[in-house]
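# Observations on chain architecture
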Amino acid sequence: MWQALPNGVAAVKGKNPFYDAAAGYVTFSTSMGLFSYGQTVTVKVERTTEGSGLAIQTSLKFGFVDWGEGKRIARKFIAAVGQPPAA
């Protein structure tokens, strides 16, 4: 799954990805735009009973309410990587 993370970063147009293979995570940001405050995203690969999964955390760079943008980013990332999120 680790090799598929760049596909997810590209799918959500992530900027400045930082990959930490030892800790099993990637962190990146998304751009601000007309309908987006921009997000900082951290994706961690975790072991599950089925093998491995993803734990995705998003946070706004600016603003107080993301209006579902974080969830849309997570879903798009998951679709590009092809794995369900870790529970």
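As shown above, the structure is provided for reference.
The text that follows walks through the structure, step by step, so that each part is easy to find. Values in this document were obtained by computation on a predicted structure and should not be read as measured data.

## Quick notes on the packing of aromatic side chains
How two aromatic rings sit relative to each other is set out by the distance from centre to centre and by the angle between their planes. In the structure shown here, the tally under the stated rule is three aromatic pairs. Ring geometry for Trp2 and Tyr19: centres 6.1 Å apart, planes at 80 degrees, overall edge-to-face. A residue pair is termed long-range when its members are at least 10 positions apart, and Trp2 in the segment before α1 (5–11) and Tyr19 in strand β1 (residues 15–20) qualify at 17 residues. Looking at Tyr19, the relative accessible area reads 32%, which means it is partly exposed.

## Section: the side chain of Ser29
Looking at where Ser29 falls in the secondary structure, it is placed in strand β2 (residues 25–29). Discounting residues that sit within four places of it in the chain, Ser29 has contacts with Lys13, Gly14, Lys15, Gln39, Thr40 and Lys61.

## Quick word on the pairing of strand β3 (residues 39–48)
Both faces of the sheet carry side chains from a regular strand, because those side chains alternate between them. As paired elements, β2 and β3 share five bridges and run antiparallel to each other. In the sheet register, Phe28 faces β3, and the bridge partner there is Val41. As defined by bridge partners, β3 adjoins strand β4 (residues 51–60) across ten bridges and the pair is classed as antiparallel. Opposite Val41, over in β4, you have Thr58 as the bridge partner. What sits between the antiparallel neighbours β3 and β4 is a turn of two residues.

## Section: a nonpolar patch on the surface
On the surface, a cluster of nonpolar side chains totalling about 800 Å² of accessible area is made up of Met32, Tyr37, Phe62, Phe64, Val65 and Trp67. Counting through the fold element by element, Phe62 comes out in the loop between β4 and α2 (69–81). Look at Phe62 and you get exposed, because its relative accessible area is 52%.

## Some words on the layout of surface pockets
In this structure, the largest pocket encloses a volume near 220 Å³. Lining the largest pocket are Ala11, Val12, Lys13, Thr30, Ser31, Ser36, Glu69, Arg72, Ile73 and Lys76. The biggest single contributor to the lining of the largest pocket is α2, with four residues. In the lining of the largest pocket, the residues fall into three nonpolar, three polar and four charged.

About the cut-offs
Numbering of residues begins from 1 in every chain and follows the order in which that chain's sequence is written. Per-residue local features of the predicted model are confined to residues with pLDDT of at least 70, and side-chain atom pairs are confined, for both listing and counting, to 80 or more; whole-chain, interface and lining totals are unaffected and use all residues. To get the side-chain values, take all heavy atoms of the structure and skip hydrogens and water. Whether two aromatic rings pair depends on their centres lying within 6.5 Å, for rings of Phe, Tyr and Trp, where Trp uses its six-membered ring; planes under 30 degrees apart make the pair stacked, over 60 edge-to-face, and the rest tilted. Each helix corresponds to a stretch of at least 4 residues labelled H or I by DSSP, and each strand to a stretch of at least 2 residues labelled E; elements are numbered beginning at the N terminus. Only protein chains enter the accessibility calculation, which uses a 1.4 Å probe. A residue is then buried if its area is under 20% of the maximum for its type, exposed if over 50%, and partly exposed in between. Here, two residues are considered to be in contact whenever any of their heavy atoms come within 4.5 Å of each other. Only strands joined by at least two bridges in the DSSP assignment are considered to pair. For patches, a residue must show more than 30% relative accessible area and have no salt bridge; joins then use 9 Å for like charges and 5 Å for nonpolar side chains, namely Val, Leu, Ile, Met, Phe, Trp and Tyr. Here the Shrake-Rupley method, with its probe set to 1.4 Å, supplies the accessible areas, and only the displayed protein chains count as covering residues. We count a salt bridge whenever a side-chain nitrogen from Lys or Arg sits within 4 Å of a carboxyl oxygen from Asp or Glu. Cavity: a set of points on a 1 Å grid over the protein atoms alone where a 1.4 Å probe fits but cannot get out. Pocket: an open set with protein on both sides within 12 Å along at least five of seven lines, its lining residues, like those of a cavity, having an atom within 4 Å of a point. Grid points are joined across faces, edges and corners, and a volume is the space filled by probe spheres set on the points. Gly falls in the polar group here, along with every residue not listed as nonpolar (Ala, Val, Leu, Ile, Met, Phe, Trp, Tyr, Cys, Pro) or charged (Asp, Glu, Lys, Arg).

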